[in-house]
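# Notes for the structure review
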Amino acid sequence: MTRSKWLQFILDQMIWFILILVVIFFTLKTGGKFLSGVTLINVLLHASVLGVLTIGQTICLLSGNFDLSAEGIVSLLTVLAAWLMLPYREMTLAQAGGIGWELSPFIVIPLMLILGTLIGWINGLLITRLRMNNFIVTLAMQLFLRGIAYVISLGAIMPGTPKEFNWLGGGRIGAIPVSVVVTLLLFLVFEFFVRYTRFGRELYAVGANRDAARASGFKPERTITQAYMIGGFMAGLASWMLLGRLEVSTPTLGQGMTLETVASAVIGGVALSGGAGSIVGAFSGVLLLSIVDTGLNIMEVDPFWITGVRGLIILVALLLEVQKARIRLGPVPGRAKSPFAQS
């Protein structure tokens, strides 16, 4: 194995060594409290919604595109779901009720997933057919969707979602939350899907070199649109999971999670330029952020420091990503793409 291959391998696997070191650090600092069953479940619970969103973000990043609309989808769908399911209540500044239709969760849940997928499809069409910039399109979509959520709810909370709806986010199988089990299964399924299916091969090919992928018989526009549809579907699933856990809807749900999903993917080795990385790698990034958040909370560290530590982790991850890109791409000029590059 050549020196560059060794360096590439070490950088690819470094996240797992960092995870081990972080766990050891928090275990020593908390007197072993961090390794308790309750704490580990809390880490996975924290990772569940973020993990589902990160899967969708990773699929888009592998295609060489960003999806900043996910948190807007979460904001809109959680508000819309509560609005459709809850009984009518006179709206106040503090609390809002539903439209009064009291739709069954078995109607609302598929509707959330379909709407999420539809929004992803629209993103894909705007980017691939109209040649609009992926970063700006999805950012504008995020703001648009959150604006609709505020119009529906007037910024008030909507409490009291039905028990049948809350199963995914709040249910448990024994002591283990259902959301944790579902999230772990999703990571395994999508890892297989990306590695061993034709779509996965197309995804990596399109992200690595769109022109070469087209010359090989792939259809980049179709692949990118499908990637955004998967991202929208996962955002719909995350909306159901999050609202089911909290049992309260507000248009601020999901706010800030887009950057966390990008950070998780990059920390886990997914290249911002596309065509490199894995779903399992993204899972390691989700775990690291969740472990750091949970560990610092147990240590009762000031929340402002937690934000600063997150930022530092992201900067280090970006530094490692740049080094890996240099090793992977070698001296070939102009290969790495800016995240603001035209799609």
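Since we're looking at a predicted model, the values are computed, not measured.

## Brief notes about the overall build of the protein chain
Across its full length, the protein chain carries 13 helices and four strands. Partitioning the intrachain contacts of the protein chain with sequence separation of at least 6 by distance along the chain shows that 78% fall at a separation of at least 24. Accessible area for the protein chain stands at about 15800 Å²; split by element, carbon and sulfur atoms hold 71% of it.

## Points about the packing of helix 2 (residues 37-62) against helix 7 (residues 178-196)
Helix 7 packs onto helix 2 with a crossing angle of 20° between their chain directions and a minimal axis gap of 8 Å. When the interaxial angle is binned, helix 2 and helix 7 end up roughly parallel. When the axes of helix 2 and helix 7 are compared, the crossing they make is left-handed. Taken together, the residues of helix 7 that come into contact with helix 2 (itself represented by Leu44, Leu45, Ala47, Ser48, Gly51, Val52, Ile55, Ile59 and Leu62) are Ser179, Val180, Thr183, Leu186, Phe187, Phe190 and Val194. A breakdown of the residues in the contact of helix 2 with helix 7 according to their chemical character gives twelve nonpolar, four polar and no charged.

## So, helix 7
Helix length check: helix 7 (19 residues) gives 27 Å between terminal C-alpha atoms against 27 Å at 1.5 Å per residue, within 8%. What helix 7 keeps buried is the set Val178, Ser179, Val180, Thr183, Leu186, Phe187, Phe190, Glu191 and Val194.

## A closer look at the nonpolar core
Within the largest apolar cluster, 84 residues are counted, with the highest numbers of intra-cluster contacts made by Leu53, Ile59, Phe165, Phe190, Met234, Leu237 and Leu288. With residues near it in sequence (within four places) discarded, Phe165 still touches Ala81, Met85, Pro105, Val108, Ile109, Met112, Trp240, Leu243 and Gly244.

## Regarding a nonpolar patch on the surface
On the surface, a nonpolar cluster with roughly 440 Å² of combined accessible area is contributed by Ile20, Leu21, Ile24 and Leu28. In this structure, Ile24 sits in helix 1 (residues 3-29).

## So, the confidence of the model for the protein chain
In this model, the protein chain carries a mean pLDDT of 87, and residues with pLDDT of at least 70 account for 89%. Per-element averaging of pLDDT across the protein chain places helix 13 (residues 303-329) at the bottom with 74 and helix 4 (residues 105-128) at the top with 97. Under a pLDDT of 50 for its full length, residues 332-336 has, in the predicted model, seven contacts with residues more than four places off or in other chains. Below a pLDDT of 50 lies the segment residues 338-343, which in the model reaches 16 contacts outside its immediate sequence neighbourhood of four places, other chains included.

## Side note on the environment of Trp83
Tracing the sequence through the fold places Trp83 in helix 3 (residues 70-85). Separated by 70 residues in the primary sequence, Trp83 and Ser153 place their C-alpha atoms 7.9 Å from one another. Excluding residues within four positions of it along the chain, Trp83 makes contact with Gly97, Gly98, Ile99, Ile152 and Met158.

## What about the environment of Gln13?
One can find Gln13 in helix 1. C-alpha of Gln13 to C-alpha of Gly269: the two residues are 256 residues apart in sequence and 8.8 Å apart in space.

## Things to note about the pattern of salt bridges
Throughout the structure, instances matching the rule amount to seven salt bridges. Measuring nitrogen to oxygen at the nearest pair gives 3.0 Å for the salt bridge that ties Glu71 to Arg146. With a gap of 75 residues between them, Glu71 in helix 3 and Arg146 in helix 5 (residues 134-153) connect regions that are remote in the sequence. Among the salt bridges present, the one from Arg195 reaches Glu191, with a minimum N-O distance of 2.3 Å. Residue Arg195 and its partner Glu191 are located together in helix 7, separated by four residues, close to a single helical turn. Residue Arg195 is classed as partly exposed on the basis of its relative accessible area of 46%. Here the salt bridges share partners, and the residues they tie into one network are Arg131, Asp211, Arg214 and Glu221.

## Focus: the side chain of Ser69
The topology assignment puts Ser69 in the loop between helix 2 and helix 3. For Ser69, a relative accessible area of 0% puts it in the buried group. For Ser69, the side chain forms a polar contact with the side chain of Asn123, separated by 3.0 Å. Those residues in contact with Ser69 that sit more than four places away from it in its chain are Asn123, Thr138, Met141, Gln142 and Leu145.

## Looking at unusual backbone geometry
Within the chain, Glu102 stands out as a residue other than glycine whose phi angle is a positive 50°. As for its placement among the helices and strands, Glu102 is situated in the loop between helix 3 and helix 4. In this structure, Arg131 is a non-glycine residue whose phi angle is positive, near 60°. Take Arg131: it is sitting in the loop between helix 4 and helix 5.

Reading the values: the criteria
Throughout this document, residue positions are counted from 1 along each chain, in the order its sequence is written. Selection of residues for local features in this predicted model requires a pLDDT of at least 70, selection of side-chain atom pairs for listing and counting requires 80 or more, and totals for whole chains, interfaces and linings are taken over all residues. Neither water nor hydrogens contribute to the side-chain values; these are computed over all heavy atoms in the structure. Each helix is a run of H or I in the DSSP string that is no shorter than four residues. Each strand is a run of E no shorter than two, and both are numbered from the N terminus. Note on contacts: a residue pair qualifies if any of its non-hydrogen atoms lie within 4.5 Å across the two residues. For accessible areas, the Shrake-Rupley method is used with a probe of radius 1.4 Å. Any residue's cover is judged against the shown protein chains and nothing else. Note on geometry: axes are lines fitted to C-alpha atoms, helical ones only across the stretch in contact, with angles between N-to-C directions running from 0 to 180 degrees. For classification purposes, angles smaller than 35 degrees are called roughly parallel, those larger than 145 roughly antiparallel, those between 65 and 115 roughly perpendicular, and all remaining angles oblique. Each crossing gets its handedness from the near helix: less than a right angle anticlockwise from the far helix is left-handed, clockwise is right-handed. Each residue gets one label: Ala, Val, Leu, Ile, Met, Phe, Trp, Tyr, Cys and Pro are nonpolar, Asp, Glu, Lys and Arg are charged, and the others, such as Gly, are polar. For a helix, the expected span equals 1.5 Å multiplied by the number of residues minus one. For each residue, the accessible area found with a 1.4 Å probe, counting protein chains only, is set against the maximum for its type, and the residue is called buried under 20%, exposed over 50%, and partly exposed in between. Residues belong to one nonpolar core when they are buried, are Ala, Val, Leu, Ile, Met, Phe, Trp, Tyr or Cys, and are joined through side-chain atoms within 4.5 Å. Patch rule: a residue counts if its relative accessible area is over 30% and it has no salt bridge; like charges are joined within 9 Å, and nonpolar side chains (Val, Leu, Ile, Met, Phe, Trp, Tyr) within 5 Å. Salt-bridge detection follows one rule: a side-chain nitrogen of Lys or Arg within 4 Å of a carboxyl oxygen of Asp or Glu. Values of pLDDT, the confidence the predictor places in each residue, fall between 0 and 100. What qualifies as a polar contact is a pair of N or O atoms within 3.5 Å, subject to a donor-acceptor requirement within protein and to the restriction that residues adjacent in sequence count only when both atoms come from side chains.

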